Amino acid sequence: MKSIYFDCASTVAMRPEAISAYCDTAGQFFANPSSSHLLGSRAKAVLEGARESVATILGADPSQIIFNSGATESANTFVASAPIDTAVIVSPIEHHCVLDPAMRSNSLLMNVNRDGKVDLAHLKEIFKERRNGIGMVFLMAVNNETGVIQPIDYVATLMKKYSPSAKLIVDAVQAANWLELKGLLHLVDGAFLAAHKFGGPKGFGILLKRGDGWVAPLIVGGGQEFDLRSGTQDPAAALAAKRALEMAQSEIKEHNEKATVMRKAIVSQLDEVKDDVIFCADGPETVPGILSMIVPGANSEELLFLLDEAGLCASAGSACASGALEPSHVLVSMGYTKAQARSSLRLSFTGDEGEETAIAAGRIVVDVIKRLVRA
Ligand SMILES: Cc1ncc(COP(=O)(O)O)c(C=O)c1O
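Everything in this summary refers to the structure shown in the same document. Note that the structure is a prediction, hence the values are computed from the model and not measured.

### Section: the sheet that holds strand β3 (residues 87–90)
- The strand order β2-β8-β7-β6-β5-β3-β4 describes an open sheet built from seven strands, whose pairing is mixed. Lying at the two open borders of the sheet, with one neighbouring strand each, are β2 (65–68) and β4 (107–109). The mean angle between the axes of side-by-side strands here comes to 20 degrees, regardless of whether they run parallel or antiparallel.
- When β3 meets β4, the two strands line up parallel, connected through three bridges. Across the sheet, Val90 pairs through a bridge with Leu109, a residue of β4.
- Against the sheet, helix α4 (residues 96–103) makes contact with β3, β4, β5 (134–138) and β6 (167–171), and its axis sits at roughly 150 degrees relative to β3, the strand it touches most.
- Against the sheet, helix α6 (residues 152–162) touches β5 and β6, its axis set at about 165 degrees to β6.

Given below as structure tokens:
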């Protein structure tokens, strides 16, 4: 039996073009890009070429792009850079790579509405009250569990008015396949991406920072990456990530269209069990490839086990390294009960899987729900 892979928000397969870029470069340009000899300078040229292209895609200068090990490292770097005497404002629906380090500092949580969007009235209150006592604001562009798109430009405008010295940091990890990044990030001070979410290699991150002197290195040593991230750089991974990002961004329109068709197909299959399903975030400002639901009366672990057994790879909440499931902090922040959050299910796809696959996946979900809830 061939499995249907609907866990694309966790990771996607590397694009063949990115694999080729990696293999060609890793063999040919193996030298250390910091070495001053000819082969070192050739490796450096590949690395810097990739940086230039990534900068162009993100609407930034190459000196504003730092390559590192992934989104988790970027988030930790930004949080650790917040001045000690300032507050860090965080949305409670952020990924744990932002929430966990932020909770250790002087942080404040903004409220989230039932629709999965940040409560702008509450945020405005925080800005008015704290004004220049705010160091950083973290708001993700697209939530990884619900797919809800957050109002980045509006928050940036509010900050300019009330807390102009604060830095706006955007987790753009789930946005790369769905939104044009240049426009999305034009007002932010910092942002980050993980290459494995858009068909690049795992363990490769892109950090964008505008302005000098406010980001402190988390990892020090040889002074690579403009002294902001030490460690020998990998030109092959940089080129593969750049190739994948170029492709993901050029396919946005097509993927949004195809995933919308797929989403409709799944939802229409689920109509058969509509009394047993709550769709968590189904507004227009949600990316089509993340479909989040609650199946009251079922437990996420059981759901995932039976779906997997029937040939559908899906997910729920945030799987930690052990694979154990926590009740989704995102759904709880949106006002769902812990019991409901323990009954969550996320189907995530790229659009390339096609409508037939979506229908087949929808049938599997319907059958499993009938077995679990109606048995
Ligand atoms: C929105 C979001 N931010 C950050 C991360 C962390 O990415 P990584 O584990 O690649 O560092 C993820 C991964 O699931 C994510 O979905």
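### Focus: the site of the ligand
- Near the ligand you find Gly70, Ala71, Thr72, His95, Cys97, Met140, Asn144, Asp171, Val173, Gln174, Ala194 and His196, and these make up its full shell.
- Here the residues of the shell around the ligand are counted per class, giving five nonpolar, six polar and one charged.

### So, the nonpolar core
- In this structure, Val137, Ala141, Val170, Ala172 and Phe192 are the most contacted members of the largest nonpolar core, which totals 121 residues.
- When residues in this core are grouped by element, the largest group, nine residues, is from helix α8 (residues 235–250).
- Per-domain counts for this core show at least three residues from each of domain 1 (16–250) and domain 2 (252–373).
- Not counting the four nearest positions on each side in its chain, Val170 is found in contact with Leu139, Met140, Ala141, Ile152, Leu185, Val188 and Ala191.

Conventions we followed
Residues numbered from 1 in each chain as written. Predicted model: local features only at pLDDT ≥ 70, side-chain atom pairs only at ≥ 80, totals over all residues. Pairing = 2+ DSSP bridges. Helix = DSSP H or I, 4+ residues; strand = E, 2+ residues; numbered from the N terminus. Axes fitted to C-alpha atoms, helices over the stretch in contact; angles between N-to-C directions. Contact = placed C-beta atoms within 7 Å. Near = placed C-beta within 6 Å. Nonpolar A, V, L, I, M, F, W, Y, C, P; charged D, E, K, R; others polar. Core = buried A, V, L, I, M, F, W, Y, C linked by C-beta atoms within 7 Å. Buried ≥ 20, exposed ≤ 12 C-beta atoms within 10 Å, placed from the backbone. Domains from an automatic or database assignment.

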